[in-house]
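Descriptive analysis of the structure
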Amino acid sequence: MNDTQRAIEHCYAKGWTDGLPVVPCDAEALEVVLARVDRDPGEVLFEMPQINRAVTVRLAAVNAVMAGCLPEYFPVLVAAWDSLREEGYAGKGIWQSTTGTASLLLVNGPVRTQLGVNCAGNLFGPGFRANATIGRAVRLTAINALGLRPHELDQATQGTPAKYTACIGENEEESPWAPLHVDHGLAPEDSAVTAMTMRSTLHIEARHTGVPEQLLTDVAGSLARTGALLHQTVSACVVLGPEHAHLLADAGWSKRDVSRFLHEQSFVPREVLDRAGKGAVSAKSHWRVARDHPDAVVDAGPDPARDGISAMTSPEAVLVVVAGASNSGVSAIVETFGPRGGRPAVTRIAGV
């Protein structure tokens, strides 16, 4: 066994990996990465006060090296931690939850092409170093700096593959609309990261129609499934493939129109909720329960004329982005914990 192999095995023995081999980080590699940002190495980027642990710039850099990031990726990763802090859910302990969440990083702006961030085909899959290692660095840092190891502080019942890595770019070049970061006040020439807390992705196969309402009714039906986390505040990031986005835009639909329609059509009738044992809400936990549950409260829906609820909290809780390849009628829903109506955590990347 050579020195490199011994170093990798040492990391395994110490529990410093996500199950895959890591790149050993020495002092020289660390300094090269730290030099990419104008931030104090001791600055706290993110903290979880409930477990008295935090992520500093230095710890983020060490784990970036271990994840396989190139030094030029580090400004993106620092902005990602800034965005995660602003988004807020991870810091409140949701990464420790049995629900099994992960972070999704959405990258916008010129940095995508500069670093080779995949925005097109196989968007959620392997094959692109920037996507794989930037996303992986967040989870490695959660393990090594925050102690969020499975069967220990990470109590996910089943988890999600996104716990390894989940970083995508918006396909701005093939989108008919302005990109996410421009929607929220940044200039097109700015680069940005938006962090979201996610559970899973659900693909929408819709090659059967050219009618916008039919396409979006298909999407809404998936948003409103009773097996989703139907809490009092529920949201999603709808990742439209370019073909679906152009179908909608060519018919005069804006992203706001899409969000509004999906919110309206995510209505779940009470009888459907009752069949799934989710016809009421617990007064204590606010999770959906059966009407005969001791804590049950039958909640009012958005429309007095119809008995039921909207699966999506509001139009603003349905974030619409465009990504993937223009080679079939496929889009995806990312089940998220935020945003729930406020501005998403769009964070400008400094120094790129």
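Higher on the page you've got the structure.
This structure is a prediction, so every number in the text was calculated from the model and none was measured.

So, how was this worked out
Residues numbered from 1 in each chain as written. Predicted model: local features only at pLDDT ≥ 70, side-chain atom pairs only at ≥ 80, totals over all residues. Heavy atoms only, no water. Helix = DSSP H or I, 4+ residues; strand = E, 2+ residues; numbered from the N terminus. Rg over C-alpha atoms; globule rule 2.2 N^0.38 Å. Buried < 20%, exposed > 50% of the residue type's maximum accessible area, 1.4 Å probe, protein only. Areas by Shrake-Rupley, 256 points an atom, 1.4 Å probe, with all protein chains shown as cover. Lys, Arg positive; Asp, Glu negative; His and termini not counted. Charge placed at Lys NZ, Arg CZ, Asp CG, Glu CD. Expected span 1.5 Å × (residues − 1). Salt bridge = Lys/Arg side-chain N within 4 Å of Asp/Glu carboxyl O. Patch = residues over 30% accessible without salt bridge, like charges linked within 9 Å, V, L, I, M, F, W, Y side chains within 5 Å. Pairing = 2+ DSSP bridges. Contact = heavy atoms within 4.5 Å. Polar contact = N/O pair within 3.5 Å; in protein donor to acceptor, adjacent residues only side chain to side chain.

A tally of helices and strands in the chain yields 11 helices and 14 strands. In terms of overall dimensions, the chain is globule-like: its C-alpha atoms have a radius of gyration of 21 Å, near the 20 Å expected for 352 residues. With the principal axes as the frame, the chain shows a C-alpha extent of 70 × 50 × 35 Å. Looking at the 352 residues of the chain, the share that counts as buried comes to 53%. Counting every atom, the chain has about 15,200 Å² of accessible surface; 52% of that belongs to carbon and sulfur. When the 30 positive and 39 negative side-chain charges of the chain are each reduced to one mean point, those points stand 6 Å apart.

Between its first and last C-alpha atoms helix H4 (residues 74–87) spans 20 Å; for 14 residues at 1.5 Å apiece the expected length is 20 Å, and the two agree. Of all 14 residues that make up H4, 12 are buried, and the element is covered over most of its length. Listed in full, the buried residues belonging to H4 are Phe-74, Pro-75, Val-76, Leu-77, Val-78, Ala-79, Ala-80, Trp-81, Asp-82, Ser-83, Leu-84 and Glu-87. One or two residues past the end of H4 sits Gly-88, with phi positive at roughly 95°.

The next thing to look at is the pattern of salt bridges. Where charged atoms from two side chains of opposite charge approach closely, those side chains can pair. As enumerated under the stated definition, the model contains 20 salt bridges in all. Of the charged contacts, one joins Glu-43 and Arg-39 as a salt bridge, the two residues approaching to 2.9 Å between their closest N and O atoms. Its relative accessible area of 29% is what places Glu-43 among the partly exposed residues. With a shortest N-O distance of 2.4 Å, Asp-183 and Lys-255 are connected by a salt bridge. Of the two residues, Asp-183 is situated in helix H7 (residues 180–183) and Lys-255 in helix H10 (residues 255–265); the sequence distance between them amounts to 72 residues. Residue Lys-255 is classed as buried on the basis of its relative accessible area, which comes to 10%. The structure contains a network of salt bridges with shared partners spanning Arg-39, Glu-43, Asp-82 and Arg-85.

Nonpolar side chains collect at one region of the surface, where Tyr-12, Leu-20 and Tyr-164 lie side by side and expose about 270 Å² of accessible area between them. Within the fold, Leu-20 resides in the loop between helix H1 (3–14) and helix H2 (27–34).

This brings us to the pairing of strand S2 (residues 53–56). Within a regular beta strand, the side chains point alternately toward one face of the sheet and then the other, so they alternate between its two faces. Across 4 bridges, the pairing between strand S1 (residues 44–48) and S2 is antiparallel. Paired with Phe-46 across the strands is Val-55, a residue of S2. Linking S1 to S2, which pair antiparallel, is a turn of 4 residues; within it Asn-52 sits at a positive phi near 55°.

In this section: the environment of Asp-154. Locating Asp-154 in the fold gives a position in the loop between helix H6 (129–144) and strand S4 (167–169). Note: C-alpha distance between Asp-154 and Thr-56 (98 residues apart in sequence) is 20 Å. The residues contacting Asp-154, other than those within four sequence positions of it, are Trp-95, Gln-96, Arg-139, Leu-148, Arg-149 and Lys-163. Engagement of the side chain of Asp-154 in a polar contact is seen with the backbone nitrogen of Ala-156, the distance being 3.1 Å.

This brings us to the pairing of strand S6 (residues 235–240). For S6, a buried count of 6 out of 6 residues is recorded, marking the element as mostly surrounded by other parts of the structure. Across the two faces of S6 the burial is the same, with Ser-235, Cys-237 and Val-239 and Ala-236, Val-238 and Leu-240 all buried. As paired strands, S6 and strand S13 (residues 330–336) are joined by 5 bridges and run antiparallel to one another. By the bridge assignment, Ala-236 is partnered in S13 with Glu-335. In the sheet, S6 pairs with strand S12 (residues 318–322) via 5 bridges, with the strands oriented parallel.

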